[in-house]
Amino acid sequence: MGAAKWIGGVIGFMAGGPLGALAGYALGSLFDTGQNSTSGYYGEKPTGNAAYTGQRNSFLFSMLVMASYIIRADGRIMHSEMEFVRRFLRSTFGEAAVGEGERILLNLFEQGKQMDRQDPLAYKNTIRDCGRQIAANLTYEERLQLLVFLVEIAKSDGHVCNKEAEALKEVAAYMGLSAAEVESMLNLGGNSLDEAYKVLEIAPTATNDEVRAAYRRLALKHHPDRVATLGEDIKKAAEEKFQNINNAKEQIYKARGMK
């Protein structure tokens, strides 16, 4: 069935705008013969299960678009970053989707190169516009989870360079998120007390009451149930993130003798 097998027949809010344009380029060559026109995929109004499929697949394609910018941020396409995307596609859609997803990402890389040859800021401006479209159509919690995946891609080689960190903060701003939220996610899973404070988006000088308030705030906005509509696999990833936030809280509580 080609890309239609896992992208789905309706692409939710990607009916137009910069995401729709990139989808037309990146997906067009993957559709089966007789299905290579985007008109049958982006022009329908989603209803029922199609609405769920459209929103979920819009989220996933949005992740690939933003990943194409993060991966190229340091001027290199690392094997570890591509392997992270492959593992994500495999766990989400199965082995058959891996090759298709990789081709979509490679098509996005090529589109970025073509655009940048004409104007060095062309693809960056497209990513900015895509971010604004994402901000207008995904919930705050869904955007946070999308950002988590982008951070994990950047971290997959064991090091996030300055260019990657700046690209993550750019993308976050385009999607209506903050630099502090990027820093929080960059420090998820860390072992040090300093990293734990960054996860909770507070300074070590915060009072105990401020620590408790910070944790409650993060627990509310990162709760896995808030992304459950995107599917069990996305919710499972959110549960892992939520556990890392709890671990950071427990580390701080222990260091302070808090209960």
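Note that the structure is a prediction, hence the values are computed from the model and not measured.

Some words on the overall build of the chain
When helices and strands are tallied, the chain shows 13 helices and zero strands. Counting helices and strands in the order they occur from the N terminus, the chain gives α-α-α-α-α-α-α-α-α-α-α-α-α. Here the chain holds 259 residues, and the buried ones make up 50% of them. Considering only contacts in the chain between residues 6 or more positions apart, those separated by 24 or more positions represent 74%.

Brief notes about the confidence of the model for the chain
Looking at the chain as a whole, its pLDDT mean stands at 84, while 84% of the residues score no less than 70. At the low end of the mean pLDDT range in the chain sits helix H3 (residues 39-42), at 36; at the high end sits helix H9 (residues 162-174), at 96. Taken together, the stretch residues 1-6 has pLDDT below 50 and engages in 21 contacts with residues farther than four places along the chain or on a different chain. Scored below 50 in pLDDT, residues 32-47 shows 27 contacts in the model against residues more than four places distant or in partner chains.

As for the pattern of salt bridges
According to the stated counting rule, one finds 17 salt bridges in the structure shown. In this structure, aspartate 116 and arginine 72 form a salt bridge, with 3.6 Å as the shortest nitrogen-oxygen distance. You can see aspartate 116 sitting in helix H6 (residues 96-118) and its partner arginine 72 sitting in the loop between helix H4 (48-71) and helix H5 (79-93), a full 44 residues away along the chain. The class for aspartate 116 is partly exposed, based on a relative accessible area of 23%. Here lysine 235 ties to aspartate 225 by a salt bridge, and the two come within 3.3 Å at their closest N and O atoms. One end of the pair, lysine 235, is in helix H13 (residues 232-256); the other, aspartate 225, is in the loop between helix H12 (208-221) and H13, with 10 residues separating them in the sequence.

A closer look at H13
An ideal rise of 1.5 Å per residue puts 36 Å on 25 residues; H13 measures up with 36 Å between its terminal C-alpha atoms. Within the span of H13, buried status applies to Ile234, Lys235, Ala238, Lys241, Phe242, Ile245, Asn246, Ala248, Lys249, Ile252 and Tyr253. Remark: glycine 257 follows H13 within two positions and exhibits a positive phi of approximately 70°.

Section: helix H10 (residues 179-186)
For H10, the set of buried residues is Glu181, Val182, Ser184, Met185 and Leu186. For H10, the elements touching its buried residues are helix H8 (140-155), H9, helix H11 (193-199) and H12.

Details of the packing of aromatic side chains
Counted under the stated rule, the structure contains two aromatic pairs. Relative to phenylalanine 149, the ring of phenylalanine 59 has its centre 6.3 Å away and its plane inclined at 75°; by these criteria the two rings are edge-to-face. Here phenylalanine 59, found in helix H4, pairs with phenylalanine 149, found in helix H8; they are 90 residues apart in sequence, far enough to count as distant. There is no split in this pair, since phenylalanine 59 and phenylalanine 149 are both buried. Seen from their ring centres, phenylalanine 88 and phenylalanine 149 are 4.9 Å apart, and the 65° between their planes marks the pair as edge-to-face.

Overview of unusual backbone geometry
In this structure, glutamate 201 is a non-glycine residue whose phi angle is positive, near 60°. Looking at the element boundaries, glutamate 201 is found in the loop between H11 and H12.

Some details on the nonpolar core
Core analysis: the largest hydrophobic core is formed by 75 residues, its most contacted members being Met66, Leu108, Leu150 and Leu200. With 11 residues, the top contributor of residues to this core is H4. Looking at which domains feed residues into this core, each of domain 1 (7-31 + 53-177) and domain 2 (188-258) supplies at least three. Non-local contacts of leucine 108, meaning those with residues more than four positions away in its chain, are made with Leu22, Ala26, Leu64, Val65, Ser68 and Tyr123.

Scoring rules and cut-offs
Residues numbered from 1 in each chain as written. Predicted model: local features only at pLDDT ≥ 70, side-chain atom pairs only at ≥ 80, totals over all residues. Heavy atoms only, no water. Helix = DSSP H or I, 4+ residues; strand = E, 2+ residues; numbered from the N terminus. Buried < 20%, exposed > 50% of the residue type's maximum accessible area, 1.4 Å probe, protein only. Contact = heavy atoms within 4.5 Å. pLDDT = per-residue confidence, 0-100. Salt bridge = Lys/Arg side-chain N within 4 Å of Asp/Glu carboxyl O. Expected span 1.5 Å × (residues − 1). Phe/Tyr/Trp six-rings, centres within 6.5 Å; stacked < 30°, edge-to-face > 60°. Core = buried A, V, L, I, M, F, W, Y, C linked by side-chain atoms within 4.5 Å. Domains from an automatic or database assignment.

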